[in-house]
Amino acid sequence: FFSAICSLKNTLFHPSRENNTISVWNNGKGIPVVEHKVEKVYVPALIFGQLLTSSNYDDDEKKVTGGRNGYGAKLCNIFSTKFTVETACREYKKLFKQTWTDNMGKAGEMKLKYFDGEDYTCVTFQPDLSKFKMTILDKDIVALMSRRAYDIAGSTKDVKVFLNGKRLPVKGFRSYVDLYLKDKVDETGNALKVIHEEVNSRWEVCLTLSEKGFQQVSFVNSIATTKGGRHVDYVADQIVNKLIEVVKKKNKNGVGVKPFQVKNHMWIFVNALIENPTFDSQTKENMTLQAKSFGSTCKLSEKFIKGVSIDGSHIKGLLINFIHHNWPSLLRHNFLEEFITPIIKASKNKEEIAFYSIPEFEEWKNSTQNYNSWKIKYYKGLGTSTSKEAKEYFADMAKHRIGFKYSGPEDDAAITLAFSKKKVEERKEWLTNFMEDRRQRKLHGLPEVKGLRIQRNLISFLSLGLFSVSLQHARAVHSFESVTGLWDS
């Protein structure tokens, strides 16, 4: 309903629990205050007071509006004890006002008067609470309506939205996304990284990492599609396919990554304008229109895809789990080794410092004055290194070659904790404790805990290595949970 009356410049929402009244006002283009040529009724009365009178249900006309059949506003009238429409139209120099009562059963007298100001529309109604088995507008319903005000602010451009007289602190979609991520941090205590792209005038996408499986927040023509739909699949599948391509190139002979394993760690936000969208119900929670009929395309840039990178730590973890499950004796014979390369290099004049973990780099940065004067280079695997650097790595095997030492049953227990489906709750507690310890260390200025450099045991890797991941990378440790179906310890 809110979308139906908002053509949008400024929008004001006033839900009042005290007198069971809700008011929505906006000063976008007004409704034509003119008599309909065929029906001989004023257009606002047709729109709000008679069924099947929308001007939007011509399927040959391509529109990116919310409603099409005109049900939303009229259903609001039908489920109200009192429903008042006031709309001003400068084009026709008229202001229209009419009130319906008794669930749209009684139409009050229409009032017209001369008007020469700016267009606006205001709808004020009192819901028939008995129809919803309610006696008052409870806090949950008011919160839902308030959330809708935030939705409008986030999914529309250049619109000021006010809720009970106060302007909402939301300026566009990117700002709206931040409301979901407020106070959410990664395992290093830093704010979640958000990849954002305004693809074109009809598509805007944000992506961050999810620790609760695949999550989505999406809009179609400012309608909140809480269950997603084909517009979300269209964007998510594009990201998944691109990421799998990247993994295949980096890991040509390695274990294949399945689409669901990638998607399980995505939290995607999509704001789309789609021509004549279709839904599976009047609540419009799930958009069903096929992608070929969207009326536009959303082709994410290479910059966006590069922003969504994947860390090698989860590959190491998967390899350990794979060997432990199939040939556990190999680990006990210290079979496994790792060849490390820098993930960051800092250089100044002829001096160069290589860092093999984010905590190591952060500690150096915090203890180095004028670190900004150093040139910082980030590495994403061997592909980022030059031929000269690669030769340097292999020329010093002792420095770059790290063995994993099996220390006993505690290592078996650690691997099981990290990967087993039967250890979900214990794993969550382990992750929570580790991240809280890291946050506390950061808060009190204490150094990060580091693993052994020359040789580290398996439990050190599982407790430390999985968490020492770049802020530019996925939360590697959470990747383990989605792939344990392959080799469940």
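Structure: above.
First, a word on what this report is: a plain description of the structure on this page. Bear in mind the structure is a predicted one, so any value in this text is a computation, not a measurement.

## Thoughts on the pairing of strand 8 (residues 160-163)
Then, in step 1: Of the two faces of strand 8, only the one carrying V161 and L163 is buried; K160 and F162 on the other face are not.
Then, in step 2: By the bridge criterion, four bridges tie strand 1 (residues 10-16) to strand 8 in an arrangement that is parallel. In the sheet register, T11 faces strand 8, and the bridge partner there is V161.

## Digging into the packing of helix 4 (residues 139-155) against helix 5 (residues 173-181)
To describe two helices that pack against each other, one gives the angle between their axes and the distance between the axes.
Then, in step 1: Running from amino to carboxyl end, helix 4 crosses helix 5 at an angle of 140°, the nearest separation of the two axes being 8 Å. As judged from the angle between their axes, helix 4 and helix 5 are oblique. Contacts between helix 4 and helix 5 involve R147, Y150, D151 and G154 from the first element and F173, Y176, L179 and Y180 from the second.
Then, in step 2: Residue composition of the contact of helix 4 with helix 5, grouped by class: five nonpolar, one polar and two charged.

## A word on the pairing of strand 18 (residues 344-348)
Then, in step 1: As paired strands, strand 18 and strand 19 (residues 351-355) are joined by five bridges and run antiparallel to one another. Each residue of the ladder has a partner; that of S347, found in strand 19, is E352.
Then, in step 2: As consecutive antiparallel partners, strand 18 and strand 19 are separated by two residues, and within that stretch N349 has a phi angle of approximately 55°, a positive value.

## Quick notes on the environment of L319
Then, in step 1: Mapped onto the elements of the fold, L319 is located in helix 9 (residues 313-326).
Then, in step 2: In this structure the C-alpha to C-alpha distance between L319 and L336, which are 17 residues apart in sequence, comes to 9.4 Å.

## Some details on a nonpolar patch on the surface
Then, in step 1: Together, L51, Y71, L75, F79 and F132 give the surface a local cluster of nonpolar side chains, amounting to about 430 Å² of exposed area.
Then, in step 2: Mapped onto the elements of the fold, L75 is located in helix 3 (residues 71-78).

Analysis parameters
- Residues numbered from 1 in each chain as written.
- Predicted model: local features only at pLDDT ≥ 70, side-chain atom pairs only at ≥ 80, totals over all residues.
- Heavy atoms only, no water.
- Buried < 20%, exposed > 50% of the residue type's maximum accessible area, 1.4 Å probe, protein only.
- Helix = DSSP H or I, 4+ residues; strand = E, 2+ residues; numbered from the N terminus.
- Pairing = 2+ DSSP bridges.
- Axes fitted to C-alpha atoms, helices over the stretch in contact; angles between N-to-C directions.
- Parallel < 35°, antiparallel > 145°, perpendicular 65-115°, else oblique.
- Contact = heavy atoms within 4.5 Å.
- Nonpolar A, V, L, I, M, F, W, Y, C, P; charged D, E, K, R; others polar.
- Patch = residues over 30% accessible without salt bridge, like charges linked within 9 Å, V, L, I, M, F, W, Y side chains within 5 Å.
- Areas by Shrake-Rupley, 256 points an atom, 1.4 Å probe, with all protein chains shown as cover.
- Salt bridge = Lys/Arg side-chain N within 4 Å of Asp/Glu carboxyl O.

It is worth stressing that arrangement in space is one thing and function is another; only the former is reported here.
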